[in-house]
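Here is how the chains run, residue by residue.
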Amino acid sequence: MIYLDHNATTPVHPDVVEALLPFLQEKFGNPSSIHWGGRAVKGAVENAREQVAELVGCEPGEVVFTSSGTEADNMAIKGVAAALGGRGNHIVTTQVEHPGVANPCLYLENLGFEVTRLPVDTDGLLDVERLEAAITDRTILISAMAANNETGVLMPVREIGEIALRRRVYFHCDGVQAAGKIPLSVRDGGISLLALSAHKLYAPKGAGALVVKRGVKCHPLIHGGSQERNRRGGTENVAGIVAFGKACAISRETMAGEALRLKGLRDRLEEGILALVSGARVNGHRELRLPTTSNITIAGVEADSLLMALDLEGVAASSGSACSSGTLKVSPVLAAMGRTGEEAKGSVRFSLGRGNTDAEIDRVLAVLPAIVARLRGES
Ligand SMILES: *Cc1c(COP(=O)(O)O)cnc(C)c1O
């Protein structure tokens with residue numbers, strides 16, 4: 001089996017499994033308990049908080065654990081809207097955000113907020129001058145992703161942060177796809193809030209985090225007990241949090257080497273497809289992109305048929321975002337990049353990760369051209 005869908009989710013790293021198992025067994029306590037059961041796990045949660053903070057260059061006290069990247073995005077957007085709604089009601093975002101950002105923005109728009117959705121160019125790049133021009137004295141928040149889940153295209157996070165600082169507007173960055181793959185630093189940039197997700201970096205599903213920079217006003221999404229310094233009620237997902245922390249520590253150590261290795265594999269896969277399959281075209285800027293992601297339109301082919309044929313060969317890939325597959329809707333990301341409905345429906349995403357090998361890329365390049373030829377009725 002060849003897994004090329006790491007942007008949808010990743011296999012859990014064996015060292016992460018080992019780190020979390022005691023928290024499903026003897027270390028079962030509630031971190032809020034004063035007795036031995038609680039004490040044994042409280043330290044582990046705080047250790048994980050430090051590990052997350054080290055990966056993204058923030059203080060441990062700025063990390064709020066959540067249940068997912070989606071929850072972190074929701075908390076950032078709705079939490080800032082609740083905290084600053086009296087001062088302004090305008091949010092600036094982009095047309096290529098994940099549903100975890102796009103849909104909270106839509107929800108707020110239906111409640112009376114104003115939302116500006118900035119376009120991108122045919123390479124998926126955002127024009128920062130246009131972003132600055134969109135800011136008004138009613139703007140409270142800019143929300144933009146660090147790296148796109150469908151194409152891997154990078155946003156100019158540093159420039160957006162500078163604009164946000166200069167114009168005194170909060171900047172929420174959806175860092176879910178970027179974290180652990182490329183360097184991200186809350187301390188160095190103008191990022192006010194940063195969303196992360198454990199299962200995109202080799203930890204299990206069910207944990208995420210929102211970094212809330214000190215001084216940033218953001219209300220809780222989930223009201224309850226005093227967990228997470230009153231920022232997120234509910235007994236902590238201890239095993240998930242410990243796993244998330246361990247995965248962040250591993251990512252920090254292996255990121256540079258893996259980025260180089262996976263870029264080599266990705267480029268070989270991509271160049272192979274472009275050479276072997278006529279009418280193939282890469283979606284997204286060739287350089288300003290995650291090293292792990294390749295989104296390719298193959299003219300005259302339905303992505304869903306191609307993915308099924310690849311699946312029969314044991315190859316797992318995806319068409320655009322996993323959250324929208326199964327529905328016939330054209331990817332809003334590819335539409336924003338000016339692709340036609342037909343082009344978007346013929347687009348496949350390969351996203352690589354730590355288990356992938358040279359031999360696997362060879363295997364995909366060996367089966368793909370014949371599948372495309374068959375689907376085009378050429379064989
Ligand atoms: C996966 C993803 C999310 C959502 O994270 P979950 O933990 O799956 O809820 C948000 N943003 C981006 C860019 C993603 O790729």
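These numbers come from a predicted model, not from an experiment.

### Digging into the side chain of Thr293
Moving on, step 1. Summarising the element assignment, Thr293 is placed in strand E10 (residues 293–298).
Moving on, step 2. Looking at Thr293, its side chain comes within polar contact range of the side chain of Asn7, at 3.1 Å.
Moving on, step 3. Sequence-distant contacts of Thr293, defined by excluding residues within four places in its chain, comprise Asn7, Glu150, Thr151, Gly152, Arg266, Arg349, Phe350 and Ser351.

### A word on the site of the ligand
Moving on, step 1. Lining the immediate surroundings of the ligand are 13 residues, of which Thr70, Asp174, Gln177, Ser197 and Lys200 lie closest.
Moving on, step 2. Taking Gln177, its side chain carries an N or O atom lying 2.7 Å from an oxygen atom of the ligand.
Moving on, step 3. When the ligand is considered free in solution it has 380 Å² of accessible area, and contact with the protein chains removes 90% of it.
Moving on, step 4. With three residues, the single largest contributor to the shell around the ligand is helix H3 (residues 69–84).
Moving on, step 5. Tallied by class, the residues present in the shell around the ligand amount to two nonpolar, eight polar and three charged.

### A word on the domain arrangement of the protein chain
Moving on, step 1. Taken domain by domain, the protein chain consists of domain 1 (2–8 + 255–378) and domain 2 (14–251).
Moving on, step 2. When each unit is reduced to the centre of its C-alpha atoms, the spacing between domain 1 and domain 2 is 28 Å.
Moving on, step 3. Listed by partner, the interface residues are 28 residues for domain 1 and 30 residues for domain 2.
Moving on, step 4. Of the roughly 2400 Å² buried between domain 1 and domain 2 on both sides combined, carbon and sulfur atoms contribute 60%.
Moving on, step 5. Taken together, domain 1 and domain 2 are joined by zero salt bridges.

### Details of the pattern of salt bridges
Moving on, step 1. On inspection of all chains with the given rule, the structure shows 19 salt bridges.
Moving on, step 2. The residue Arg187 makes a salt bridge to Glu59 at a minimum N-O spacing of 3.4 Å. Note that Arg187 is positioned in the loop between strand E6 (170–174) and strand E7 (193–197) and Glu59 in the loop between helix H2 (36–56) and strand E2 (63–66), a separation of 128 residues in sequence.
Moving on, step 3. When its relative accessible area of 33% is taken as the criterion, Glu59 is described as partly exposed.
Moving on, step 4. Residues Arg117 and Glu109 are paired through a salt bridge, measuring 2.8 Å at the closest nitrogen-oxygen approach.
Moving on, step 5. Here the residues in one salt-bridge network are Lys42, Glu46, Arg49 and Glu228, joined through shared partners.

### Examining the sheet that holds strand E12 (residues 347–351)
Moving on, step 1. Spatial ordering of the open sheet is given by E9-E10-E12, a layout of three strands whose pairing is antiparallel. At either margin of the open sheet sits one strand with a lone partner, and together these are strand E9 (280–282) and E12. For this sheet, the mean angle separating the axes of adjacent strands, direction not counted, is 30°.
Moving on, step 2. Alignment of E10 against E12, held across five bridges, turns out to be antiparallel. From the neighbouring strand, Ser294 faces E12, where its bridge partner is Phe350.

### Examining the packing of aromatic side chains
Moving on, step 1. Inspection of every chain in the model, using the stated rule, returns two aromatic pairs.
Moving on, step 2. With a centroid separation of 6.5 Å and 90° between ring planes, the pair formed by Phe28 and Trp36 is classed as edge-to-face. Taken as a pair, Phe28 and Trp36 share a single burial class, namely exposed.
Moving on, step 3. Judged by centre distance (6.2 Å) and plane angle (70°), the rings of Phe65 and Phe244 are edge-to-face. Taken as a pair, Phe65 in strand E2 and Phe244 in helix H8 (residues 238–276) lie far apart in primary sequence, 179 residues in all.

### Let's talk about the side chain of Asp5
Moving on, step 1. Positionally, Asp5 belongs in the loop between strand E1 (2–3) and helix H1 (14–20).
Moving on, step 2. Among the polar contacts listed, one links the side chain of Asp5 to the side chain of Arg349, at a separation of 3.1 Å.
Moving on, step 3. Excluding anything up to four places from it in sequence, Asp5 contacts Ala316, Ala317, Ser318, Arg349 and Ser351.

Calculation notes
Residues numbered from 1 in each chain as written. Predicted model: local features only at pLDDT ≥ 70, side-chain atom pairs only at ≥ 80, totals over all residues. Heavy atoms only, no water. Helix = DSSP H or I, 4+ residues; strand = E, 2+ residues; numbered from the N terminus. Polar contact = N/O pair within 3.5 Å; in protein donor to acceptor, adjacent residues only side chain to side chain. Contact = heavy atoms within 4.5 Å. Near = heavy atom within 4 Å. Areas by Shrake-Rupley, 256 points an atom, 1.4 Å probe, with all protein chains shown as cover. Nonpolar A, V, L, I, M, F, W, Y, C, P; charged D, E, K, R; others polar. Domains from an automatic or database assignment. Buried area = accessible area lost by both parts, 1.4 Å probe. Salt bridge = Lys/Arg side-chain N within 4 Å of Asp/Glu carboxyl O. Buried < 20%, exposed > 50% of the residue type's maximum accessible area, 1.4 Å probe, protein only. Pairing = 2+ DSSP bridges. Axes fitted to C-alpha atoms, helices over the stretch in contact; angles between N-to-C directions. Phe/Tyr/Trp six-rings, centres within 6.5 Å; stacked < 30°, edge-to-face > 60°.

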